[in-house]
Structures are given as C-alpha cells and as structure tokens.
Amino acid sequence: MMPDNVPLIVGLIVFASSLISLRVGLSVTIIEIILGTVAGALGLKTEEWMMYLAGFGGIVLTFLAGAEIDTRLMRERFKESLLIGSFSFLTPFVGGFLFAYYLAGWDLPASLITGIALSETSIAVVYSVLVETKIPNPAVGKMIMAATFITNTGTALALSILFVKPTLYTLAFIIVSIIVIFLAVRFSHKVFDNPKLKNKVIEPEIKYIFFLLLVFMYFANLGQGHAVLPAFILGLLMSGHFTETSETKVVKSRLRTVAFAIITPSFFIVAGLKVSLPVIISSFGLFLSLFAVKQLTKFAGVYFFAKRYIPDGGGIYSTLLMSTGLTFGLIAIVFGLQSGFIDQEKYSVLTGVLIASAVIPTFIAQKWFLPVHSEDIPE
C-alpha cells in the first residue's frame, strides 16, 4: 500500500465509522476499532504521524474523561466508587497473573505484565461511549467514571511500583506534572474568563489546554513514563472550571467537538491496526482463555458492588463498561515488549484481548443493558 494513500484511507475510515455508527446505533468507538483491524489485515501500516496523533488522542480523551467527573458526587459517594474501582482492579490483576503464571506457564515478569494489562478499565472507551449514549440519569455515568479513575490509578501504580526504574528524568516528569496541574487549577480562570479570549474563531482556550497536555507528553517521554495519569488528574481538578459559567461549558463542548472530529479517532483506529490476526488465530485458545479471564474476573469484582450501588439496571451495564480495556493496558504491554518482558506473540495476543474487551462488552452493554430508570442515584 502506497504511503501517500494512508491519510486518505484513514480519513475514509473516520468518515465511514461515523456513518455506520449512526446507521446501526452503536458507539463510533467500536466501529473505528473494527475498521482499523480490517484495514490492518488488508495491509494498512501505521506511520509515525499516526502514532503521535493517536498518542495525543488518548491523552485528550483522558483529560476530557477527567473533566466529566462530578467531584461533588465523587466525594458524596466515595465509598461506593472506591469499592467498585478497587475490586475492578484487584480481581483481574490477581486472576490474570495467576492464569499466566500457573496455567499458561509464563515467567514472573510476563505474568505480572499480563495481570496489569487485564486489570485496567479503558478511560478512553468508557468516556467515548458515555458521551454518545443517552442515559436517563447522568449520575450513572459519573459513578462509572469515578470508579474508572480508581481502577486506573491502581493499574498505573502497579506498573510503576513493579517495573519502572526511576531516574532524574522521571523525577523531573513528576515535578513538572505537579507544577503544571497546580498552576492550571489555580490560574486557568484567567484564560477562560478573559473577555479578550472568549468566543474567538482561533480557539485560544482549546489551544491552551492542548499546550498543557503536550507539556505532559514531552516530559513523560523524557522520564519514560506516560502522560495519561496526570492528564486525567488535570481534567478532574479542572472540571469545576468547565461548570462555572455557560461560556466555559461551551469551551468544553467545542474541545470535545475538535477532539472527536479527527484526534481521538486516530487513537481507536491505530488500536485496531495493532491487532495481528494471524498471531491471534495461531494462538486462539490462549486468546480466548485470557479474554475469558479478564471478563470473568471483572464481573466477579464489579457486578455485586455495582448492582448494590447503581440500581435499576445500571449494575450489569456498569460491569460491562468497566470490563473494557485499551488505554493503560496497551501502555503496559508496550512497556513489556520494549523492556523484553514479553515477546511479540504474547504482545499480539494480549493486544487482541484488549481490543476484544473494548468492543464486545461495549456492544452488549449498548445493545441490551442500557439503564432505563436511575432515580435512586442523586443528581
């Protein structure tokens, strides 16, 4: 496939995904991943610009996801969010590790990487689906996002504690992230409330947010870390800025429009391109087993708490969304491959499991388990 054709094909996939999504009534995220997988099987290869745009798309999605969290609701229902999120992390982590180490016969580092990869809930997928899905009570989605934050904090900490060897650059990344978050939370109102910057076609507020996220990405690369967690925390702590006035609400809406038009589709399409169908077919039994482990352990960890705290049909819907994987899971297995802890076959199988977990539970949740009544959860 000629390299000059790649941008055209990616543009076609982005547009076609939107049309198919509207036609079949499923999240465009699912369609983008599926079409990306098909394009990869037909010979489309990722290019450097796609990888960078996809990485930035994941960071933007993570920031937006954090900005959607209702911090008041999270404080009021902290125990519920903590229970759902903690067990959403713990049971797949332990289950994935035990399966890989004792049944698959993988060594200790590869088994730990497997447990970490299976433990996450994809912020990007959950946020994208919730944005597109009309749930009668928005508090259901906010509860899911709050629990997802707890889950992925556990995943990020596990990867950092077990594997990352801190350097001076790592320390610099942490310090810069803290400073940027502090200054942004403290002084962003000077950007959002500045009459000289409001409602301008050049969108200075959106460019300001993009700049902050690019700072995270730059120092994360230096420190061999990842910008997902600080981006999520920044979005969480800045969520108040986006609810104070109608103007700031419009800024968030415009940011979401810009992101979903081209930036975030690149993240999901590239995720689909990472799937190696021949490798998955040759290791299909292992693929199915790991997928089952992720889904069963997520169900065991999430469902009973979600059924109790997210009533009126929200329990199974929440469990299915929290069974998705992609963002932190891909970070973990890419790290494992680059560090020599897993080989190409394990990488492809685990990637396939994450892609399948991003598509199948989401499809089932949207098709058959959308919550209908949620009055018991306060707005």
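**Q** Can you walk me through helix 9 (residues 168–187) in this structure?
**A** Residue pairs spaced three or four apart in an α-helix point in one direction, given the helix's 3.6 residues per turn. Between its first and last C-alpha, helix 9 extends 28 Å over 20 residues, near the 28 Å set by a 1.5 Å rise per residue. Among the residues making up helix 9, those that are buried are Thr170, Phe173, Val176, Ser177, Val180, Ile181 and Ala184. Viewed end-on, helix 9 has its buried residues packed into an arc of 130 degrees, placing them on one side of the element. Pointing more than 90 degrees away from the buried face of helix 9 are the exposed residues Leu168 and Ile178.

**Q** Looking at this model, I keep getting lost on the packing of aromatic side chains. Mind explaining?
**A** Overall, the coordinates contain 18 aromatic pairs when judged by the stated rule. A centroid spacing of 5.1 Å and a plane angle of 35 degrees characterise the contact between Phe87 and Phe305, whose relative ring orientation is tilted. Pair noted here: Phe87 is in helix 5 (residues 78–103) and Phe305 is in helix 15 (residues 284–309), with a separation of 218 residues, a long-range link. Relative to Trp368, the ring of Phe363 lies with its centre 5.7 Å away and its plane at 85 degrees, an arrangement referred to as edge-to-face. Residue Phe363 is classed as partly exposed on the basis of its relative accessible area of 28%. Feature note: the residues Phe97, Tyr101 and Tyr102 constitute an aromatic cluster, connected by ring pairs. A cation over a ring is seen here: Lys346 above Trp106, with NZ or CZ 5.1 Å from the ring centre.

**Q** How do you make sense of the pattern of salt bridges when you look at a structure like this?
**A** A side chain of one charge can pair with a side chain of the opposite charge when the charged atoms of the two come close. For the coordinates displayed, the defined rule picks out 3 salt bridges. Among the salt bridges present, the one from Arg254 reaches Glu205, with a minimum N-O distance of 3.6 Å. Highlighted residues: Arg254 in helix 13 (residues 246–273) and Glu205 in helix 11 (residues 204–222), separated in sequence by 49 residues. One exposure class covers both Arg254 and Glu205, and it is buried. A network of salt bridges, in which partner residues are shared, links Glu203, Glu205 and Arg254.

**Q** Got a minute to help me understand the side chain of Ser119 in this structure?
**A** Relative to the helices and strands, Ser119 is located in helix 6 (residues 108–119). For Ser119, a relative accessible area of 0% translates into the label buried. Among the polar contacts listed, one links the side chain of Ser119 to the side chain of Thr155, at a separation of 3.0 Å. Setting aside anything within four residues of it in sequence, one finds Ser119 in contact with Ser88, Phe89, Pro92, Phe93, Thr151, Thr155 and Lys298.

**Q** For this particular structure, what's the right way to read the packing of helix 8 (residues 138–162) against helix 12 (residues 228–238)?
**A** In a packed pair of helices, the relevant descriptors are the angle between the two axes and the axis-to-axis distance. Closest axis-to-axis distance for the helix 8/helix 12 pair is 11 Å, and the angle between their directions is 150 degrees. Here helix 8 is positioned roughly antiparallel relative to helix 12, judged by the angle of their axes. Both helix 8 and helix 12 take part in a crossing whose hand is left-handed. In this structure, helix 8 contributes Met145, Phe149, Thr153 and Ala156 to the contact, and helix 12 contributes Leu229, Phe232, Ile233 and Leu236.

**Q** Would you mind going over the side chain of Thr324 with me for this structure?
**A** Position of Thr324 relative to the elements: it lies in the loop between helix 16 (314–321) and helix 17 (327–338). Residue Thr324 is classed as buried on the basis of its relative accessible area, which comes to 0%. From its side chain, Thr324 meets the backbone oxygen of Leu321 in a polar contact 2.7 Å long.

About the cut-offs
- Residues numbered from 1 in each chain as written.
- Predicted model: local features only at pLDDT ≥ 70, side-chain atom pairs only at ≥ 80, totals over all residues.
- Heavy atoms only, no water.
- Helix = DSSP H or I, 4+ residues; strand = E, 2+ residues; numbered from the N terminus.
- Expected span 1.5 Å × (residues − 1).
- Buried < 20%, exposed > 50% of the residue type's maximum accessible area, 1.4 Å probe, protein only.
- Arc of directions from axis to C-beta.
- Phe/Tyr/Trp six-rings, centres within 6.5 Å; stacked < 30°, edge-to-face > 60°.
- Lys NZ or Arg CZ within 6 Å of the ring centre and 35° of its normal.
- Salt bridge = Lys/Arg side-chain N within 4 Å of Asp/Glu carboxyl O.
- Polar contact = N/O pair within 3.5 Å; in protein donor to acceptor, adjacent residues only side chain to side chain.
- Contact = heavy atoms within 4.5 Å.
- Axes fitted to C-alpha atoms, helices over the stretch in contact; angles between N-to-C directions.
- Parallel < 35°, antiparallel > 145°, perpendicular 65-115°, else oblique.
- Left-handed = near helix turned anticlockwise from the far one by under 90°.

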